[in-house]
Amino acid sequence: MSKNRLLLALCLSFMALFAFDQVQAELTQSIRPGEWAQPVEAQYGLYQMSPTLYRSALPDHEALALLEKLQITTVINFLPEPDASWLSTPGINLVQLPYKTSHVDDSEVLSALRAIQTGQSKGPVLIHCKRGSDRTGLMAAMYRVVVQGWSKEDALSEMTQGGFDDNTHFKNGIRYMMQANVDKLRTALANGDCSTSVFATCSMKSWLKTVNSEEPKI
């Protein structure tokens with residue numbers, strides 16, 4: 001084969017491979033389950049989970065116009081660094097609930113779900129971490145299960161296969177979800193409890209406050 005023919009063959013091969021990748025990407029997008037979070041903005045990994053709930057990676061100043069367009073009224077941040085460095089828009093409530101998926105417990109999940117519901121009562125809510133995958137992914141999945149009534153299997157499928165960044169670091173979130181008692185979480189959320197266990201630190205603090213308030217004053 002001549003050099004020119006070899007180059008032509010290589011070019012055609014690359015073109016065919018590129019076209020195949022494009023078709024695969026379009027096919028994957030077209031068969032994405034309709035109930036999964038739907039893509040809104042690729043730059044920030046922004047997806048819409050419901051009419052009043054969005055998820056994303058860490059936004060920045062350039063995302064402010066987009067948040068305004070989506071009428072976001074609450075931003076919930078799962079990182080230890082506050083959002084005040086890039087977001088100080090009047091009318092947007094900032095909630096910071098840092099946690100690690102390797103040490104998450106029911107009280108942190110309940111705090112996040114309650115913050116989401118409180119925010120939704122005022123308007124659309126955005127939840128985020130750094131990549132928008134593990135920390136945000138776990139809380140999004142727990143929202144699906146506890147609040148929306150999804151099965152764990154369906155929520156885990158969306159969390160791990162939904163295209164939310166690299167899915168190789170979900171093992172801690174998956175482990176927590178598999179052992180989580182959904183009925184207890186749902187009951188605690190409805191009752192306003194801080195945890196599913198009366199022996200949790202937050203529950204003990206609440207009990208001590210109640211005892212102290214009931215003591216007769218001399």
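Refer to the preceding data block for the structure.
Every value quoted in this text rests on a predicted model; they were computed, and no experiment measured them.

Caption draft 1: Just the environment of L79, in detail. Counting through the fold element by element, L79 comes out in the loop between β4 (74-77) and β5 (93-96). Judged by its relative accessible area of 6%, L79 is buried. For the pair L79 and R135, spaced 56 residues apart in sequence, the C-alpha to C-alpha distance is 8.5 Å. In this view, L79 contacts L58, Q96, P98, H128, C129, K130 and R135; residues no more than four positions away in its chain are not counted.

Caption draft 2: Seen up close, unusual backbone geometry. Positive phi values are uncommon outside glycine, yet Q71 reaches one of about 60°. Mapped onto the secondary structure, Q71 falls in the loop between α2 (64-69) and β4.

Caption draft 3: Just the pairing of strand β6 (residues 125-128), in detail. The alternating pattern of β6 places V125 and I127 and L126 and H128 on opposite faces, both of which are buried. The pairing of strand β3 (residues 53-56) with β6 spans four bridges and is parallel. Looking across to β6, one finds that R55 is bridged to I127. Here β4 runs beside β6; their pairing, made up of four bridges, is parallel. Bridge pairing in β6 links V75 to L126.

Caption draft 4: Inspection of empty space enclosed by the protein at higher detail. Using the criterion set out here, one finds one cavity of 30 Å³ or more in the structure. Estimated volume of the largest cavity: approximately 30 Å³. If you trace the largest cavity, you find it lined by Y44, L46, S56, P59, A63, L66, L67 and L126. Classifying every residue of the lining of the largest cavity gives seven nonpolar, one polar and no charged.

Caption draft 5: Broad picture of the sheet that holds β6. With mixed pairing, the six strands of this open sheet are ordered in space as β1-β2-β3-β6-β4-β5. Strands with a single pairing partner mark the edges of an open sheet, and in this sheet they are β1 (38-41) and β5. Taking each pair of neighbouring strands and ignoring which way they run, the sheet shows an average axis angle of 25°. Where helix α3 (residues 106-120) meets the sheet, its contacts fall on β2 (46-50), β3, β4, β5 and β6, and the angle it forms with β6 comes to roughly 155°. Along the sheet face, helix α4 (residues 134-147) touches β2, β3 and β6 and points at about 155° away from the line of β3.

Caption draft 6: Highlighting the nonpolar core. By size, the foremost hydrophobic cluster in this structure holds 41 residues, and its most contacted members are I76, F78, I127, M142, Y176 and M177. Mapped by element, the contributors of at least two residues to this core are β2, α3, β6, α4, α5 (152-161), α6 (171-179) and α7 (182-191). The biggest single contributor to this core is α4, with eight residues. When neighbours within four sequence positions are excluded, I127 is seen to be in contact with L53, Y54, R55, S56, I76, F78, I116, T136 and A140. One finds L46, I72, V75 and L87 within the second-largest nonpolar core, a separate group that totals eleven residues.

Caption draft 7: Inspection of α4 at higher detail. With 14 residues, α4 extends 19 Å between its outermost C-alpha atoms, agreeing within 8% with the 20 Å of an ideal straight helix rising 1.5 Å per residue. The buried fraction of α4 amounts to eleven of the 14 residues, a majority that puts the element mostly inside the structure. Directly after α4, the chain includes G149, whose backbone phi takes a positive value near 80°.

Caption draft 8: Focus on the side chain of K152. Mapping K152 onto the fold places it in helix α5. Of the side chains with opposite charge, E153 comes closest to the buried, unpaired K152, at an N-O distance of 7.6 Å. When near neighbours in sequence (up to four residues on either side) are disregarded, K152 contacts V145, M177, M178, Q179, A180 and V182.

Caption draft 9: Fine view of the packing of aromatic side chains. As enumerated under the stated definition, the model contains two aromatic pairs in all. Measuring from centroid to centroid gives 4.7 Å for Y47 and F164, while their planes differ by 75°, and the two rings are edge-to-face. Residue Y47 is located in strand β2, and its partner F164 is located in the loop between α5 and α6; the two are separated by 117 residues in the primary sequence. By relative accessible area, which is 3% here, F164 ends up buried. For the cation-ring pair, R55 lies above F164, with the distance from its terminal atom to the ring centre recorded as 3.6 Å.

Rules behind the numbers
- Residues numbered from 1 in each chain as written.
- Predicted model: local features only at pLDDT ≥ 70, side-chain atom pairs only at ≥ 80, totals over all residues.
- Heavy atoms only, no water.
- Helix = DSSP H or I, 4+ residues; strand = E, 2+ residues; numbered from the N terminus.
- Buried < 20%, exposed > 50% of the residue type's maximum accessible area, 1.4 Å probe, protein only.
- Contact = heavy atoms within 4.5 Å.
- Pairing = 2+ DSSP bridges.
- 1 Å grid on protein atoms, 1.4 Å probe; cavity = no way out; pocket = protein on both sides within 12 Å on 5 of 7 lines; lining within 4 Å.
- Points joined across faces, edges and corners; volume = space filled by probe spheres on them.
- Nonpolar A, V, L, I, M, F, W, Y, C, P; charged D, E, K, R; others polar.
- Axes fitted to C-alpha atoms, helices over the stretch in contact; angles between N-to-C directions.
- Core = buried A, V, L, I, M, F, W, Y, C linked by side-chain atoms within 4.5 Å.
- Expected span 1.5 Å × (residues − 1).
- Lys, Arg positive; Asp, Glu negative; His and termini not counted.
- Salt bridge = Lys/Arg side-chain N within 4 Å of Asp/Glu carboxyl O.
- Phe/Tyr/Trp six-rings, centres within 6.5 Å; stacked < 30°, edge-to-face > 60°.
- Lys NZ or Arg CZ within 6 Å of the ring centre and 35° of its normal.

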